[in-house]
There are 2 protein chains.
Amino acid sequence: MKYLLVLLLAGVTSSAQIKKEQLNLMPWPQNVVLNDGNFALNKNFKVNITGNPNPRIFGAVTRFLRRLDGRTGIFFEQGFITKLNEVPTAELQINCTKSGKIGLYEDESYHLDIKQNKITINATSDLGALHGLETLLQMLQNNSTSFYFPTSQISDFPRFTWRGLMIDVSRHFQPVDVIKRNLDALAAMKMNVFHWHLVDDQGWRIEMKKHPKLIELASDGMYYTQEEIKNIVKYADERGILVVPEIDVPGHGSAILTAYPEIGSKVITLTGGTSEKNIQGTAIATYGIERNAGIFSPTLDPSNPKTYQLLSEIFDEVCPLFPGAYFHIGGDENEGKDWDSNPKIQEFKKKNKLATNHELQTYFTMQLVPMLKKHGKQLMGWEEILTKNMSKDAIIHAWRGANEGVVAGQSLVDAVKKGYKTVQSNGFYVDLLYPVESHYLNDPMPKGVELTAEEKARVLGGEATMWTELVTPTTIDSRLWPRTAAIAERLWSAEDVTDMASMRKRLETVSFRLEELGLTHIRNKGVILRNIANNQNTESLNEFSNVCEPLKGYKRNIGGTEYQMYSPFTLFADACTSDSKDSLAFDEAVSQYLGNKSPENKAKVAAFFNKWITVYKNLGELSVNAPLVQPVLPLAKKLNDASQELLLVLDNKSTLKTDDLKKLIELCDSKDHADVELGVYKSLKKLM
Amino acid sequence: MKYLLVLLLAGVTSSAQIKKEQLNLMPWPQNVVLNDGNFALNKNFKVNITGNPNPRIFGAVTRFLRRLDGRTGIFFEQGFITKLNEVPTAELQINCTKSGKIGLYEDESYHLDIKQNKITINATSDLGALHGLETLLQMLQNNSTSFYFPTSQISDFPRFTWRGLMIDVSRHFQPVDVIKRNLDALAAMKMNVFHWHLVDDQGWRIEMKKHPKLIELASDGMYYTQEEIKNIVKYADERGILVVPEIDVPGHGSAILTAYPEIGSKVITLTGGTSEKNIQGTAIATYGIERNAGIFSPTLDPSNPKTYQLLSEIFDEVCPLFPGAYFHIGGDENEGKDWDSNPKIQEFKKKNKLATNHELQTYFTMQLVPMLKKHGKQLMGWEEILTKNMSKDAIIHAWRGANEGVVAGQSLVDAVKKGYKTVQSNGFYVDLLYPVESHYLNDPMPKGVELTAEEKARVLGGEATMWTELVTPTTIDSRLWPRTAAIAERLWSAEDVTDMASMRKRLETVSFRLEELGLTHIRNKGVILRNIANNQNTESLNEFSNVCEPLKGYKRNIGGTEYQMYSPFTLFADACTSDSKDSLAFDEAVSQYLGNKSPENKAKVAAFFNKWITVYKNLGELSVNAPLVQPVLPLAKKLNDASQELLLVLDNKSTLKTDDLKKLIELCDSKDHADVELGVYKSLKKLM
């Protein structure tokens, strides 16, 4: 142990030895040069700002100082930075040529130069300087007693101009503080677009002064006031982030139609003989806020002038809240059922020579273009808006792939070839709870397709999407982070930055550091486990959660009806995450053992089995006073049973037939318990 | 082990055996009768509301259902409750005679009756029903597989009508979500007053439309918009909580005077010969937002008509934001230094026959009474406002005690005897980090003093105070909770409910349950420890934190200058809390051992020593890559050294002289390291 300590001391305290591989930068910068020597931090450390930056730099530098202070415990003397050139002799000099404009194509580059007694950040705009400050924070190193920055030069700029995250606040409303902390996380990851999915079947979330019915009838009281929206837009602006609002039409219309059923497409055929005053023919259907997950038929009526009247008035009220140049109108997953069954709409199609529902939807969407243009906004929509007549100004948001029965990436290629700008979200659906690898290696730039330089330039970037059918304010962060940071790297860093091992290593530190911004992805796990354990010791639950992953895709909620919008999300699956920690470690142990069956390697594998046997025993004891542990037990038993037998296998003492052992392991490939699956199943199989 | 399991099963699953002592109710109700049998919970469980309640009941019942859902994982079918008598056959029937009025003296009583197939809550007002719902949640029991309520009858009402918490948002600004989650906690503890200390030397926190300078110059950009204030007042109202705003005058005036130096009392005497155009005599001083903790001289000028003009305009803008009947004007800690040195003010005193600064302050305060009355508000102030001329309408907020050189409780007695209504905060300063016992046993009703019934009635209740010199949004909850829950019980429950052991046992469950409301007092400890540990294993830090307590009183920040408002509060002391967990357990082990030196009892004590020896070793290893661990090591070493020796003492193997052993233990009585002290020192001493 003493020897180890000496080794550790040698490794950690010799400050000059930092190598590139030791840096936990993410997204990885375009150019990093490490030199010998360090900049040592102390309480006199001060910052000075020169040039012509936007005033957002002052708040950003103040926050930077507080974060550095929090990490190091150094009592910096400098408090609030509010002026240019306040401390000309400061150790950190930031110079920006011009005020950064929030939006696409802005110069976000920066040069960070760390010398032994001076640090400089030079950037064209303050937006670049903000990125430089994040990189500087990530450069922080320490030995056993102090903190320092390694001398270095970093030149950096983003590969794509659209590096976004979408959050759906309709299915589960996400309060202001949830949005704000995630904006902080986006900024830390150098992401620059927050796509705010504000309206869907499950609720309308924007305060409407001229159309209060949308709030009174279609929000369950959960919405953002206009002041809160402006406040969030300002908060985003201060962090270099563009906010793109979305009002999803004409499908996903349950909430809108709950307030305004008169613009719905559904027809109710009245049969005679009722007391309803001889009403003949059709009547207006009623709608309700949707409580389930899925695709629903409520759709706006594209043949009704009132539809456009209302939408125009809505845009008139909503657009001024968002200074950005883009407005997302959704346009996805309209199956047209209610259109098909409405004779009036059928007639309208005929009259306007619209052969298909897709053409009818294009007709509808085209009416929105001038409504938005009036407010200086460009229309953006999910890929379904792409048809031959769609305005070339529209931005196409690609999202579908194998799950939807189409070739992944194809819609993006179609869009750019047809002259549209486009953003890739296929492969970036973090709510599906797929492993980080699948997102990290998902390049928005299509492979194996010939694209001209012009076409390539139309690929604006990508966007992670967080649909919230199964996500509450308590759990959303653990569904977003740290995986979204890997997407941030894909969108910022060079195309060839794809080393999984390096990414995983850096991601661990990045994930930990997100905590200082208030992100709850780590801390809230304990909250959920304590509730499940009924305030008993959570250790065994925690250990088991480290090999369990919530069911992927939408398998946790097949049919969309088990979990309604007000169902409990305080269950074991809610405490588990993708990329279960111990599963990866176990897989490495198995691989090592299979490569070399040394006693040491065997012991490593056996240690896992022994742990899981203990976990099962302890979970059983825990469950005596914790009903919420019960659903977990059958799966823990399966892992226990396989572990017991595989321990014997390791020692060549198993008397089980191969087929029976196989069965035992196959039982671990289960999706039947507690909405989770074992992350170790594939590795267990390797031991067969 | 199997035997233990059987015992446990027998104990937990036999649902009918619940005894009063097993209930974790807090505050303890006035009358509890337990019967045989249970109400079993299942997904069909529904709620129905009848009578004439305020609509706040609908949201309250919806939140109740979600919390019950979250605890039990039962998928209740009922979603949102929005109407009276929606489900007449529901299992839980709530009836309220009338709409509850937010304020003092409202009937908050309720009767909860749990039968095997029906639960009823009867209350005069919905405010009582809200309390009944909290009690019902606390009545939840479980066996190993299911949840139930024991059949019972509870009649309950509060002992005091003012059960408050003050939060200082000036010294460290506390964002909206911090306030909201703490309002939820107050409601859960049946507290009904939120005293919002909005203005002090360190910042003005209210958006002012007519006097924007207060925000522009005196808030560092950290303030509540008027909409946010209204929103919080509404949020409080929905939870049965009155909001009492405070603008602290005439002392604690640095922020106000930063914006309006012209109404300050400080005199600057100009000496001739400057370039300042022959200005002679006095000039206006400048002020700055205070960054330190302490009592400062900036004070409003009571002789200046402009002072009253400004305050009147401020009240005109601020009062309408708060529908409640009370407005707190502070009035504390005005030392009058700037008054004494200002000739104009001295002249004013003479002219108005005001013999002392205290009389001058009363003159000042009396000018505010009509300004507030105009808006239907009664003036409230800290006890310093009490002088012979003070209006009898004023509410006196008692706070001083031994620390301030006066007899604890005396000012309260003085106030009621002079005919004032009064609220007790002396003994309820939770920010001082004293043990829960000191607050729990602090009865607002004076002991050993003869008071008439009328005088007793003037004791409205009490208020916990959270001053935030050393408290950030990350740490505030762990400074408030769970100790404030013990104060809630003191203010609600019968006078003779004072059993410490019972309280401690119940408090543990109450503390855990507060997590479901978003309180962060448990989860954020890990955040701070991970930062200190530099993302290494936090186990040893956590173990050590369980015997360490942050320095009490204001000893952590002697002189008020070490920790400024922007200093780091991410240190070991910030992870520690009052009533350190293991210290109490160790003290019990020591007492048992001293009572009976059996091998078993000895082993229990020895286990602690061995743990602390290991902790020291592990902390040393941790510190190799974690500079923030270094300040903790010397104290851990002291505990290690004492533990090593005391292990020998237990075995009669110590060769140390008594004096040397004593010295070793006395070293553990240290306040020199990491701003914490050892909670186990006194128990160690017992082993001498």
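Just so it is clear, the model here is predicted, and its values are computed rather than measured.

(A) Focus on the overall build of chain A. On a plain count of helices and strands, chain A comes out with 25 helices and 20 strands. The globule rule puts the C-alpha radius of gyration for 688 residues at 26 Å, and the 28 Å found for chain A is close to it. Overall size of chain A, expressed as C-alpha extent along the three principal axes, is 95 × 75 × 50 Å. Per-residue burial for chain A yields a buried fraction of 60% across its 688 residues.

(B) View of unusual backbone geometry. Residue and element names in this part refer to chain A. The omega torsion across valine 249 and proline 250 is 0°, close enough to zero to call that bond cis. Mapped onto the secondary structure, proline 250 falls in the loop between β11 (242-249) and α7 (254-259). In this model, tryptophan 481 is joined to proline 482 through a cis peptide bond whose omega is 10°. The phi dihedral of lysine 190 is positive, around 60°, even though this residue is not glycine.

(C) Seen up close, the domain arrangement of chain A. Per the domain assignment, the segments of chain A are domain 1 (2-156) and domain 2 (528-686). The gap between the C-alpha centroids of domain 1 of chain A and domain 2 of chain A is 42 Å.

(D) Broad picture of the relation of the copies chain B and chain A. For the pair chain B and chain A, the relating rotation is 180°, the translation along its axis is 0.0 Å, and the fit reaches an RMSD of 0.0 Å. Such a combination of turn and shift is consistent with a two-fold rotation axis. It is Arg523(B) whose C-alpha, among those of chain B, lies nearest the rotation axis, at 2.7 Å. Comparing interface residues between copies, 100% of those in chain B also sit at the interface in chain A, which points to an isologous, same-surface contact.

(E) Fine view of the pairing of strand β7 (residues 147-156) of chain B. Residues and elements named next belong to chain B. With eight of its ten residues buried, β7 lies for the most part within the structure. The pairing of strand β1 (residues 31-40) with β7 spans seven bridges and is classified as antiparallel. In the strand pairing of β7, leucine 34 is matched with serine 152. Two elements, strand β4 (residues 110-114) and β7, share five bridges in a ladder whose sense is antiparallel.

(F) Quick look at the side chain of Asn534(B). Position of Asn534(B) relative to the elements: it lies in the loop between α18 (523-532) and α19 (539-545). Under the relative-accessibility criterion, Asn534(B) is labelled buried at 16%. In this structure the side chain of Asn534(B) is engaged in a polar contact, spanning 2.9 Å, whose partner is the side chain of Asn142(A). Not counting chain neighbours up to four residues away, the residues in contact with Asn534(B) comprise Asn142(A), Phe512(A), Arg513(A), Asn625(B) and Ala626(B).

(G) Here's a closer look at the pattern of salt bridges. Residues and elements named next belong to chain A. Here the structure, examined in full by the defined rule, presents 90 salt bridges over all chains. With a closest N to O distance of 3.0 Å, glutamate 516 and arginine 67 form a salt bridge. In this pair, glutamate 516 sits in the loop between α17 (500-514) and α18 (523-532) while arginine 67 sits in helix α2 (residues 56-72), placing the two residues 449 residues apart along the sequence. The partly exposed category is assigned to glutamate 516, whose relative accessible area is 29%. What emerges from the salt-bridge pattern is a single network uniting Arg67, Arg71, Glu134 and Glu516.

(H) Representation of the UniProt feature "domain: Beta-hexosaminidase bacterial type N-terminal" (unreviewed entry) in chain A. Using the residue numbers shown here, the UniProt feature "domain: Beta-hexosaminidase bacterial type N-terminal" (unreviewed entry) corresponds to residues 23-156 of chain A. For residues 23-156 of chain A, helix accounts for 23% and strand for 34%, while the C-alpha atoms at its two ends are 15 Å apart.

(I) The arrangement of the packing of aromatic side chains in detail. Counting across every chain of the model gives 46 aromatic pairs over all chains. Taking the centre distance of 5.1 Å and the plane angle of 85° together, the rings of Phe315(A) and Phe327(A) count as edge-to-face. Here Phe327(A) lies in strand β14 (residues 326-330) and Phe315(A) lies in helix α8 (residues 305-318), a separation of twelve residues in the sequence. Ring geometry for Tyr429(B) and Trp467(B): centres 6.3 Å apart, planes at 45°, overall tilted. With a gap of 38 residues between them, Tyr429(B) in the loop between β17 (421-424) and α13 (436-440) and Trp467(B) in the loop between β18 (459-466) and α15 (476-480) connect regions that are remote in the sequence. Classification of Tyr429(B) by relative accessible area gives buried; the value is 9%.

(J) Geometry of the nonpolar core. Phe45(B), Ile94(B), Trp196(B) and Trp204(B) are the most contacted members of the largest nonpolar core, which totals 139 residues. Counting residues per element, this core draws most heavily on helix α4 (residues 176-188) of chain B, at eight residues. Not counting the four nearest positions on each side in its chain, Ile94(B) is found in contact with Val47(B), Asn48(B), Ile49(B), Thr50(B), Ile57(B), Val61(B), Ile121(B), Ala129(B) and Leu133(B). If you look at the next biggest cluster of nonpolar residues, it comprises 138 residues, including Leu65(A), Ile119(A), Ile256(A) and Leu257(A).

(K) How the structure looks around the UniProt feature "active site" (unreviewed entry) in chain A. All names here are of chain A. When the UniProt feature table is mapped to this numbering, "active site" (unreviewed entry) covers Glu333. Among the secondary structure elements, glutamate 333 is positioned in the loop between β14 and α9 (337-340). For glutamate 333, a relative accessible area of 23% gives the class partly exposed. Setting aside anything within four residues of it in sequence, one finds glutamate 333 in contact with His252, Ile295, Glu384 and Trp399. A polar contact is formed between the side chain of glutamate 333 and the side chain of histidine 252, at a distance of 2.8 Å.

(L) Region of interest: helix α23 (residues 633-650) of chain A. All names here are of chain A. Here α23 contains 18 residues, and its C-alpha end-to-end distance of 25 Å stays within 8% of the 26 Å for a straight helix at 1.5 Å per residue. Here α23 has its buried residues at Leu633, Leu635, Ala636, Lys638, Leu639, Asn640, Ala642, Ser643, Glu645, Leu646, Leu647 and Leu650. Looking one or two places after α23, you find asparagine 652, whose phi comes out positive at around 55°.

(M) Quick peek at helix α17 (residues 500-514) of chain B. With 15 residues, α17(B) should cover 21 Å at 1.5 Å per step; its first-to-last C-alpha distance of 20 Å lies within 8% of that length. Of the residues making up α17(B), those classed as buried are Met500(B), Met503(B), Arg506(B), Leu507(B), Val510(B), Ser511(B), Phe512(B), Arg513(B) and Leu514(B). Buried residues in α17(B) make contact with α18 of chain A together with α2 (56-72), α3 (126-139), α4, α13 and α16 (483-492) of chain B. Here α17(B) starts with a cap whose side-chain oxygen sits 3.3 Å from the backbone nitrogen of Ala501(B), and that cap is Asp499(B).

(N) Up close: the interface of chain B and chain A. Facing the 59 residues of chain B at the interface are 59 residues of chain A. Three residues stand out in chain B for area buried against chain A, namely Phe75(B), Tyr566(B) and Val624(B), and they jointly supply 15% of the buried area on that side. Our count for the contact surface shared by chain B and chain A stands at two salt bridges. Counting every contact that joins chain B to chain A gives 22 residue pairs in polar contact (both at pLDDT 80 or more). Those elements that provide at least two residues to the side of chain B that touches chain A are α1 (2-13), α2, α6 (226-238), α17, α18 and α22 (599-623) of chain B. Of the residues contributing to the side of chain B that touches chain A, the split by class is 22 nonpolar, 21 polar and 16 charged.

(O) Main features of the environment of Leu664(B). All names here are of chain B. Within the fold, leucine 664 resides in helix α24 (residues 658-666). Given a relative accessible area of 18%, leucine 664 falls into the buried group. Not counting residues within four places of it along the chain, the set of residues in contact with leucine 664 comprises Asp641, Ala642, Glu645 and Leu656.

(P) The arrangement of the packing of helix α22 (residues 599-623) of chain A against α23(A) in detail. All names here are of chain A. One can describe the packing of α22 onto α23 by two numbers: an axis separation of 9 Å at closest approach and a directional angle of 145°. For the pair α22 and α23, the crossing hand works out as left-handed. Along its contact with α22, which presents Lys602, Val605, Ala606, Phe609, Asn610, Trp612, Ile613, Tyr616, Leu619, Gly620 and Ser623, the element α23 presents Leu633, Ala636, Lys637, Leu639, Asn640, Ser643, Gln644, Leu646, Leu647 and Leu650. Split by residue class, the contact of α22 with α23 holds 13 nonpolar, six polar and two charged.

Here is what the cut-offs are and how they apply
- Residues numbered from 1 in each chain as written.
- Chains lettered and ligands numbered in written order.
- Predicted model: local features only at pLDDT ≥ 70, side-chain atom pairs only at ≥ 80, totals over all residues.
- Heavy atoms only, no water.
- Helix = DSSP H or I, 4+ residues; strand = E, 2+ residues; numbered from the N terminus.
- Rg over C-alpha atoms; globule rule 2.2 N^0.38 Å.
- Buried < 20%, exposed > 50% of the residue type's maximum accessible area, 1.4 Å probe, protein only.
- Domains from an automatic or database assignment.
- Least-squares fit on C-alpha atoms with pLDDT ≥ 70 in both.
- Contact = heavy atoms within 4.5 Å.
- Pairing = 2+ DSSP bridges.
- Polar contact = N/O pair within 3.5 Å; in protein donor to acceptor, adjacent residues only side chain to side chain.
- Salt bridge = Lys/Arg side-chain N within 4 Å of Asp/Glu carboxyl O.
- UniProt positions renumbered as here; feature names shortened; annotations may be inferred.
- Phe/Tyr/Trp six-rings, centres within 6.5 Å; stacked < 30°, edge-to-face > 60°.
- Core = buried A, V, L, I, M, F, W, Y, C linked by side-chain atoms within 4.5 Å.
- Expected span 1.5 Å × (residues − 1).
- Buried area = accessible area lost by both parts, 1.4 Å probe.
- Nonpolar A, V, L, I, M, F, W, Y, C, P; charged D, E, K, R; others polar.
- Axes fitted to C-alpha atoms, helices over the stretch in contact; angles between N-to-C directions.
- Left-handed = near helix turned anticlockwise from the far one by under 90°.

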